[in-house]
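# Structure at a glance
Take a look at the letters that make up each chain.
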Amino acid sequence: RHTLNNRVDYKHGAHSIYGSGGLDFGDIVQPRPFGTKGFNDAPATTRDRNPYAQLGDTIILSPTLFVDVRYGFTRINTINFAGNKSGFTDYDSFGIPASTQALMQIYGAAPVVLPNGFTGGSGGGSNWTGLSDGQFATKQERQLSHSLNGSVTKVHGSWTHKAGIEARVLLSNYLDLEEASAEI
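Residues numbered from 1 in each chain as written. Predicted model: local features only at pLDDT ≥ 70, side-chain atom pairs only at ≥ 80, totals over all residues. Heavy atoms only, no water.

### Thoughts on the overall build of the protein
In terms of regular secondary structure, the protein is built from one helix and six strands. Counting from the amino terminus, the protein carries its helices and strands in the arrangement β-β-β-β-α-β-β. The 184 residues of the protein split such that 29% are buried. Partitioning the contacts of the protein with sequence separation of at least 6, the portion at a separation of at least 24 is 60%. (Helix = DSSP H or I, 4+ residues; strand = E, 2+ residues; numbered from the N terminus. Buried < 20%, exposed > 50% of the residue type's maximum accessible area, 1.4 Å probe, protein only. Contact = heavy atoms within 4.5 Å.)

### Overview of a nonpolar patch on the surface
Together, Y10, I17 and L55 make up an exposed nonpolar region whose accessible area comes to about 300 Å². Note that L55 resides in strand β3 (residues 44-62). For L55, a relative accessible area of 54% gives the class exposed. (Patch = residues over 30% accessible without salt bridge, like charges linked within 9 Å, V, L, I, M, F, W, Y side chains within 5 Å. Areas by Shrake-Rupley, 256 points an atom, 1.4 Å probe, with all protein chains shown as cover. Salt bridge = Lys/Arg side-chain N within 4 Å of Asp/Glu carboxyl O.)

### So, the side chain of S147
Of note, S147 is situated in strand β5 (residues 138-156). In this structure the side chain of S147 is engaged in a polar contact, spanning 3.2 Å, whose partner is the side chain of N149. For S147, the contacting residues outside a window of four places in its chain are R70, Y71, G72, E166, A167 and R168. (Polar contact = N/O pair within 3.5 Å; in protein donor to acceptor, adjacent residues only side chain to side chain.)

### Examining the pattern of salt bridges
Applying the stated criterion to the full structure yields four salt bridges. R168 is the salt-bridge partner of E166, the closest N and O atoms lying 2.9 Å from each other.

### Focus on the side chain of D48
Take D48: it is sitting in strand β3. Residue D48 is classed as buried on the basis of its relative accessible area, which comes to 9%. A distance of 3.1 Å separates the side chain of D48 from the side chain of N50, its partner in a polar contact. Excluding its chain neighbours within four sequence positions, the residues that come into contact with D48 are R1, D24, F25, G26, N77 and T78.

### Overview of the environment of G21
Looking at the element boundaries, G21 is found in strand β2 (residues 15-30). Among the residues examined, G21 registers a relative accessible area of 15% and is labelled buried. Residues G21 and Q54, spaced 33 residues apart in sequence, show a C-alpha to C-alpha distance of 6.2 Å. Among all residues touching G21, those that are not within four sequence positions of it are L4, N5, N6, Y52 and A53.

Okay, here's the thing in structure tokens:
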């Protein structure tokens with residue numbers, strides 16, 4: 001995990017201009033449990049790239065009256081993948097009909113081969129080990145958040161009066177599937 005945080009302040013006459021920004025990012029890769037080759041063999045990957053920035057100005061209009069205006073944004077770009085998410089085309093051999101293939105969210109993702117599911121059990125074949133990873137591991141999260149703020153502050157004796165407004169816009173795009181293609 002890496003984090004970078006910065007701030008710059010600049011005073012010019014009645015203006016106190018400031019800016020801050022940074023980046024939070026990391027990569028975690030976990031190899032598959034049965035070596036490097038095999039079916040649906042991509043390692044589990046958790047990755048994020050999250051920058052942010054803000055710019056503001058505090059304007060002193062008089063010793064008892066000032067205005068603050070600022071704009072900021074944050075960006076979240078995160079994945080949590082396990083198993084192959086591209087390049088697989090042999091769905092027919094697994095008995096997946098073409099009509100189902102057309103509905104897959106990530107066409108090209110290898111099926112999850114997990115004979116028991118999460119039920120366990122006893123008897124012939126009920127204790128088989130899954131051949132691949134990827135169940136509940138197809139998460140992509142993308143967000144872009146904007147914030148615009150403004151306020152006026154007036155100090156009158158021992159009283160402080162403040163009025164302001166804030167506007168926010170949050171744009172989100174999520175992909176969070178149980179399986180990217182199919183479970184066998």
